[in-house]
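# Observations on the three-dimensional arrangement
For reference, the chains in residue letters:
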Amino acid sequence: MTRNLMRRDINYLPGIEVEEAVEIMRHCFFDDTEVETQEYAVSNVEEFQQRYHELLKYWRYERCLAELYAGSGNTVFKYYGRCEICNSIQALVVDYQSAERGDGPRHPNWRERLICPNCGCNNRQRFIAHIVFQNYQPGMRVLMHEQRTLIFQQLQKELPQLEGFEYMGEGFASGAYYDGVRYENPSKCSYENDEFDVVVSNDVLAHVPDYKGAFAEVLRILKKGGRFVFSVPFNANSMTTEIRALVKENAIEYIAEPWYHPNPVEGYPPMLVYQIFGWDILQQLKDCGFTNVYGKAYYGIKEGYLGYLPLYFEAQK
Ligand SMILES: [Zn+2]
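Residues numbered from 1 in each chain as written. Predicted model: local features only at pLDDT ≥ 70, side-chain atom pairs only at ≥ 80, totals over all residues. Heavy atoms only, no water.

Scanning the protein from N- to C-terminus turns up seven helices and 17 strands. The globule rule puts the C-alpha radius of gyration for 317 residues at 20 Å, and the 21 Å found for the protein is close to it. For the protein, the C-alpha atoms occupy an extent of roughly 65 × 40 × 40 Å along the three principal directions. Residue burial in the protein is summarised as follows: out of 317 residues, 50% are buried. (Helix = DSSP H or I, 4+ residues; strand = E, 2+ residues; numbered from the N terminus. Rg over C-alpha atoms; globule rule 2.2 N^0.38 Å. Buried < 20%, exposed > 50% of the residue type's maximum accessible area, 1.4 Å probe, protein only.)

Attention shifts here to the layout of surface pockets. Counted as a void, the largest pocket has a volume near 1,700 Å³. If you go around the largest pocket, you meet 50 residues; those closest to its centre are Asn109, Arg111, Glu112, Arg124 and Asp203. Mapped by element, the contributors of at least two residues to the lining of the largest pocket are α2 (45-54), α3 (56-72) and α4 (123-135). (1 Å grid on protein atoms, 1.4 Å probe; cavity = no way out; pocket = protein on both sides within 12 Å on 5 of 7 lines; lining within 4 Å. Points joined across faces, edges and corners; volume = space filled by probe spheres on them.)

Along the chain, serine 238 falls in the loop between β9 (222-231) and β10 (242-243). Excluding its chain neighbours within four sequence positions, the residues that come into contact with serine 238 are Val45, Gly278 and Trp279. (Contact = heavy atoms within 4.5 Å.)

Angles between donor atoms at a metal ideally measure 109.5 degrees for a four-coordinate tetrahedral arrangement and either 90 or 180 degrees for a six-coordinate octahedral one. Protein-derived coordination of the zinc ion comes from Cys83 (SG), Cys86 (SG), Cys116 (SG) and Cys119 (SG), at a distance range of 2.2 to 2.4 Å. Coordination of the zinc ion draws on donor residues from a single chain, spaced C-x2-C-x29-C-x2-C in sequence. One end of the pair, cysteine 83, is in strand β2 (residues 76-83); the other, cysteine 116, is in the loop between β3 (88-95) and α4, with 33 residues separating them in the sequence. Exposure class is identical for cysteine 83 and cysteine 116. Each is buried. (Donors = N, O, S within 2.8 Å, 3.2 Å for Na, K, Ca; no water.)

Summarising the element assignment, glutamate 84 is placed in the loop between β2 and β3. At a separation of 3.2 Å, a polar atom in the side chain of glutamate 84 contacts the side chain of arginine 82. If near-sequence neighbours (up to four positions away) are discounted, glutamate 84 is found in contact with Arg126, Ala129, His130, Phe133 and Tyr305. (Polar contact = N/O pair within 3.5 Å; in protein donor to acceptor, adjacent residues only side chain to side chain.)

Below, the discussion takes up the sheet that holds strand β17 (residues 311-316). Read across the open sheet, the seven strands follow the order β1-β16-β17-β9-β8-β4-β5; overall the sheet is mixed. Of all strands in the sheet, those bounded by a partner on one side alone are β1 (38-42) and β5 (163-164). By the bridge criterion, two bridges tie strand β4 (residues 142-144) to β5 in an arrangement that is parallel. Paired with leucine 143 across the bridge in β5 is glutamate 163. (Pairing = 2+ DSSP bridges.)

Before going further, it helps to spend a moment on unusual backbone geometry. Residue leucine 309 is reached from tyrosine 308 by a cis peptide bond, and omega for that bond is -5 degrees. Here leucine 309 is to be found in the loop between β16 (291-299) and β17. In the Ramachandran plot, asparagine 87 falls in the positive-phi region, its phi being about 55 degrees despite a non-glycine side chain. Tracing the sequence through the fold places asparagine 87 in the loop between β2 and β3. Overall, asparagine 87 belongs to the exposed group, its relative accessible area being 56%. The backbone of leucine 114 sits at a positive phi, close to 50 degrees, despite the residue not being glycine. Note on placement: leucine 114 falls in the loop between β3 and α4.

As a further point, take the pattern of salt bridges. Enumeration according to the criterion identifies 21 salt bridges in this entry. Across the pair arginine 51 and glutamate 54 runs a salt bridge whose closest N-O atoms are separated by 2.9 Å. Of this pair, arginine 51 and glutamate 54 both sit in helix α2, separated by three residues, roughly a single helical turn. Bridged by salt links that share partners, the residues Glu39, Arg227, Lys296 and Glu314 form one connected network. (Salt bridge = Lys/Arg side-chain N within 4 Å of Asp/Glu carboxyl O.)

We now examine the domain arrangement of the protein. Each domain of the protein was delimited in the assignment, giving domain 1 (18-123) and domain 2 (138-300 + 310-316). At the junction of the two partners, domain 1 supplies 20 residues and domain 2 supplies 20 residues. Taken together, domain 1 and domain 2 are joined by two salt bridges. Between arginine 111 and aspartate 203 there is a salt bridge, and its shortest N-O distance comes to 2.5 Å. Looking at the side of domain 1 that touches domain 2, the elements with two or more residues in it are β1, α2 and α3. Here the side of domain 1 that touches domain 2 gets five residues from one element, more than from any other, and that element is β1. Residue composition of the side of domain 1 that touches domain 2, grouped by class: 10 nonpolar, six polar and four charged. (Domains from an automatic or database assignment. Nonpolar A, V, L, I, M, F, W, Y, C, P; charged D, E, K, R; others polar.)

This is the structure:
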């Protein structure tokens, strides 16, 4: 692929703000329907790659945006987008926090930034809200595999009955409280059968050694027809889940270099990444008893769901 799509000779005219240039660029790239949030069902490497290439316009837009930001000499930017939580247009904040520094212009970490100044939620969290609202009807019971997060607290304002827990690793008792936090092991939880209409899990299952057991538990606690929506660290170019560590006879066997994420609850040890998921999880979910199992690629210009090309997953009991 050539890089000549990106102009190196943009002149920054005095009086033209970066934010205005972004607005003009949006109109050059997209018509009114293309700026709406789009979702595409994908179930394997080929379908993902096909979508990836069909939707390259979004990738190009994102690259131009990064170039425009980098060329402006500023370090903080406003991206005008609609926040699902606040239900209004907000000046979403983009900067270079947690960005990788490579060759060429710097690229913001789109997934973790684009922060709403009103509710404080980032791109990823605002999209979770989008998914929860999409699946929610009054009276439903919704469970999240998280409780201490900003997104949980923001969603709880809208859905007062929202339930959640934290998984701080193995070796605690499901249903018990530690430092005021309800603990559940997603693969051995204490909920009754058929309790929930929706279960939402965001980037937790990579840390659960028995992740197939966690799938089975979600199925068990969902009502018939209930939905499981989740995101995980995922290799969209791999059909198989990469097992990085296993638990054998109560000891951890490391297959790849140990890789840790911070514990969601302060004061607890970092969380080992046991696996990076691949497309085989769709079949594993079906084998477990789920139906309507999909990967969904999505993108949203108006809402600022950038970071080409994000994925989430859904399955139904
Ligand atoms: Zn907001």
